[in-house]
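# Remarks on the overall topology
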Amino acid sequence: MSDDEILIMIISGVAAVVGAALTRVSRFPSLYTRNNPGIGLMRLTVAASVVWTAFVIQYYGDPSIQGVYVFFYLLMAYGVTKIFGQVITVIFGIRLRTDVYERKNLAAAIFVSGFILGTGIIFGGSLWGEADPLSDAEGGWWIPLGFFFMGWFCLVLATAVYLWLEPGSFRRQVCQELDVSLAWSTAIYVVSTASLLFRGVAGDFWGWRHGILGMGTIAVMLAGHGIIAFIAGTAPQSVWLRLIERALYIGLATVAWAINQAIDLKYIGG
């Protein structure tokens with residue numbers, strides 16, 4: 001490994017340790033962890049994110065990712081998932097210690113878990129394929145990391161716009177009113193958005209088509225959310241509205257994925 005790769009590995013290790021320390025529950029009395037499914041849900045999505053990255057490396061990553069480099073990227077995956085997927089959710093008004101650990105708020109844990117998984121999907125996607133398949137130049141850690149941050153910043157922005165369109169205070173509804181229905185809708189939106197951004201950062205880079213189609217689909221999703229929010233007004237949204245909203249996100253993400261796949265098969269050969 002080169003000096004810069006060793007430095008990035010150390011930074012990734014520090015991020016992993018800091019992320020684990022900031023989110024650990026062992027320092028709290030067992031009262032906080034007993035009968036608290038939110039903690040298990042967050043752990044599951046962190047593990048799923050790392051496993052997803054391992055799957056990408058094994059089957060779709062660059063052939064040069066071998067030996068110590070597998071550990072290098074898995075360590076990086078854990079670090080960015082803990083810091084940029086779990087700890088960072090405080091910017092959306094969710095406090096892990098207060099809301100998830102002490103109050104055992106499942107709604108808050110569902111939202112955090114969705115953002116963890118969305119972050120993991122994007123990071124794993126950044127390792128998919130080659131940045132420049134037409135060049136013989138050797139890549140490096142900065143390529144997947146750069147694509148990850150582009151996709152992740154888009155995820156943060158898309159999530160912020162979604163919460164801005166939501167009538168009322170998101171923190172009040174999730175952390176005080178314990179609105180599990182809203183939490184699920186938001187988490188499904190975040191994961192659907194991440195799956196679209198995944199197509200923008202993943203695969204051999206043949207142009208910006210995947211990213212453009214993905215951003216366009218996200219805009220349609222936000223428009224749909226805005227319409228549903230307008231219909232609901234400031235009153236609590238019905239179960240049916242939330243179900244329609246979730247189906248909209250999953251359906252649009254699936255259609256966009258299918259369109260991208262069809263275009264790839266036609267013009268690139270898969």
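Residues numbered from 1 in each chain as written. Predicted model: local features only at pLDDT ≥ 70, side-chain atom pairs only at ≥ 80, totals over all residues. Heavy atoms only, no water.

### Focus on the overall build of the chain
Across its full length, the chain carries eleven helices and zero strands. Counting helices and strands in the order they occur from the N terminus, the chain gives α-α-α-α-α-α-α-α-α-α-α. Within the chain, the proportion of its 270 residues that are buried is 44%. By sequence separation, contacts in the chain at least 24 residues apart represent 82% of the contacts at least 6 residues apart. Surface accessibility of the chain: about 13,100 Å² in total, with carbon and sulfur atoms responsible for 69%. (Helix = DSSP H or I, 4+ residues; strand = E, 2+ residues; numbered from the N terminus. Buried < 20%, exposed > 50% of the residue type's maximum accessible area, 1.4 Å probe, protein only. Contact = heavy atoms within 4.5 Å. Areas by Shrake-Rupley, 256 points an atom, 1.4 Å probe, with all protein chains shown as cover.)

### Some details on the environment of Leu41
By secondary structure assignment, the location of Leu41 is in helix H3 (residues 37-59). Looking at Leu41, the relative accessible area reads 24%, which means it is partly exposed. In this structure the C-alpha to C-alpha distance between Leu41 and Ala109, which are 68 residues apart in sequence, comes to 7.2 Å. Apart from the residues lying within four places of it in its own chain, the contact partners of Leu41 are Ala109, Ile110 and Ser113.

### Re the nonpolar core
If you look at the biggest cluster of nonpolar residues, it comprises 64 residues, and the most contacted ones within it are Tyr73, Met76, Ile94, Tyr101, Phe123, Val174 and Tyr189. Among the elements that line this core, the one with the most residues is helix H6 (residues 106-126), at eleven residues. The contact partners of Val174, leaving out residues within four places of it in the chain, are Ile94, Asn105, Ala107, Ala108, Asp179 and Leu182. (Core = buried A, V, L, I, M, F, W, Y, C linked by side-chain atoms within 4.5 Å.)

### Observations regarding unusual backbone geometry
Phi at Lys104 takes a positive value of approximately 55 degrees, unusual for a residue other than glycine. With respect to the helices and strands, Lys104 occurs in the loop between helix H5 (96-102) and H6. With phi around 55 degrees, Leu178 is a residue other than glycine that occupies positive phi space. When you line up the elements, Leu178 lands in the loop between helix H8 (170-176) and helix H9 (180-201). You can call Leu178 partly exposed: its relative accessible area is 48%.

### As for the confidence of the model for the chain
Interpreting fine coordinate detail is not advised for predicted regions of low pLDDT. Per-residue pLDDT for the chain has a mean of 85; in total, 88% of the residues score no lower than 70. Within the chain, the element-level pLDDT minimum falls on helix H2 (residues 30-33), averaging 74, and the maximum on H6, averaging 95. (pLDDT = per-residue confidence, 0-100.)

### Remarks on helix H7 (residues 142-165)
Helical periodicity: at 3.6 residues per turn, an α-helix aligns residues three or four positions apart in one direction. The terminal C-alpha atoms of H7 lie 34 Å apart, and with 24 residues this matches the ideal 34 Å at 1.5 Å per residue to within 8%. Along H7, the residues classified as buried are Pro144, Leu145, Phe147, Phe148, Gly151, Trp152, Leu155, Val156, Ala158, Thr159, Tyr162 and Leu163. (Expected span 1.5 Å × (residues − 1).)

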